[in-house]
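These are the residues of each chain, in order.
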Amino acid sequence: MRKLIVAGNWKMNTGIAEGTKLAEDINKYLSSNTLPENKKVIIAPPFTHLVPVSKVIDPSKIILSAQDCASTENGAFTGEVSAKMLKEIGVKAVILGHSERRQYFKEDSEILLKKVKIALKYDLDIIFCVGESLEQRENNKYFDVIKEQISETVFKLSKEEFKKVIIAYEPVWAIGTGKTATPDQAQEIHEFIRNKIKENFDENIANGTSILYGGSCKPSNAKEIFSKKDVDGGLIGGAALKCDDFTKIIEAR
Ligand code: PGA
């Protein structure tokens with residue numbers, strides 16, 4: 001049975017005290033509410049928060065993730081943080097290919113594949129994001145865009161490697177905009193992605209891969225989106241910054 005996942009992407013938000021308190025509160029919630037075995041919670045705080053947050057969470061209840069890692073192992077790369085460094089502080093996963101990284105930091109498939117490979121070398125799980133822009137959706141290019149984004153990156157992995165990958169479908173026009181894909185729009189793409197995984201790898205891998213929806217997911221719409229058969233949870237931005245909202249979303253799946 002594939003994992004149902006609710007992941008919080010904090011982006012560049014919260015101070016250390018505030019972020020640590022948020023992590024503590026989520027941990028408290030999970031200590032008094034037992035989740036089914038296949039349901040997992042991930043949080044991805046900013047780099048500076050990872051160590052203090054790691055000290056207040058129970059790693060059997062919350063998987064600690066980073067929001068990015070370097071495409072190289074070490075060396076003269078000012079400002080970068082490597083997968084090895086993340087591993088060393090107890091980080092278990094990393095978000096790669098987020099549309100904000102693609103858009104503002106010009107990350108393309110070539111660099112993303114390098115990041116994916118290096119994250120795998122350090123045994124990190126990968127939340128790999130894909131999604132089309134508004135223009136691409138309006139021009140009916142979205143299937144092609146998504147296909148390209150996965151073909152050029154995670155589809156180049158071996159079957160064993162791909163088992164460490166979670167896909168997050170995040171239509172760029174829905175991120176932080178308050179506009180959400182309809183449950184049917186999400187299902188259409190999730191099913192498409194799962195079929196492509198089946199073609200590229202095999203049916204078992206396709207059925208075992210968690211595909212998350214992201215983009216203005218909140219307590220009021222999570223249940224409906226998550227009810228679709230190929231939607232295995234969500235990657236949550238804004239609504240992951242309030243414990244109450246985030247835990248309601250956890251309950252929705
Ligand atoms: P949002 O962000 O929930 O604030 O739209 C989602 C994301 O970018 O991961």
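Residues numbered from 1 in each chain as written. Predicted model: local features only at pLDDT ≥ 70, side-chain atom pairs only at ≥ 80, totals over all residues. Heavy atoms only, no water.

Draft legend 1. Region of interest: the layout of surface pockets. When its volume is computed, the largest pocket comes out at roughly 440 Å³. Looking at which element gives the most residues to the lining of the largest pocket, the answer is helix H4 (residues 99-104), with three residues. Each residue belonging to the lining of the largest pocket can be placed in one class, and the counts come to six nonpolar, three polar and four charged. Space inside the second largest pocket adds up to approximately 340 Å³. In terms of lining residues, the second largest pocket is bounded by 18 residues, among which Lys3, Lys163, Ile166, Gly208 and Ser210 are the most central. Elements supplying a minimum of two residues to the lining of the second largest pocket: strand E2 (39-44), strand E6 (165-169) and helix H10 (203-208). (1 Å grid on protein atoms, 1.4 Å probe; cavity = no way out; pocket = protein on both sides within 12 Å on 5 of 7 lines; lining within 4 Å. Points joined across faces, edges and corners; volume = space filled by probe spheres on them. Helix = DSSP H or I, 4+ residues; strand = E, 2+ residues; numbered from the N terminus. Nonpolar A, V, L, I, M, F, W, Y, C, P; charged D, E, K, R; others polar.)

Draft legend 2. Focus on the pattern of salt bridges. Evaluated as defined, the whole model comprises 22 salt bridges. Among the salt bridges present, the one from Asp232 reaches Arg2, with a minimum N-O distance of 2.7 Å. In this pair, Asp232 sits in the loop between helix H11 (219-226) and strand E8 (233-236) while Arg2 sits in the segment before strand E1 (4-9), placing the two residues 230 residues apart along the sequence. Linked by salt bridges that have partners in common, Arg2, Arg194, Lys229, Asp230 and Asp232 make up one network. (Salt bridge = Lys/Arg side-chain N within 4 Å of Asp/Glu carboxyl O.)

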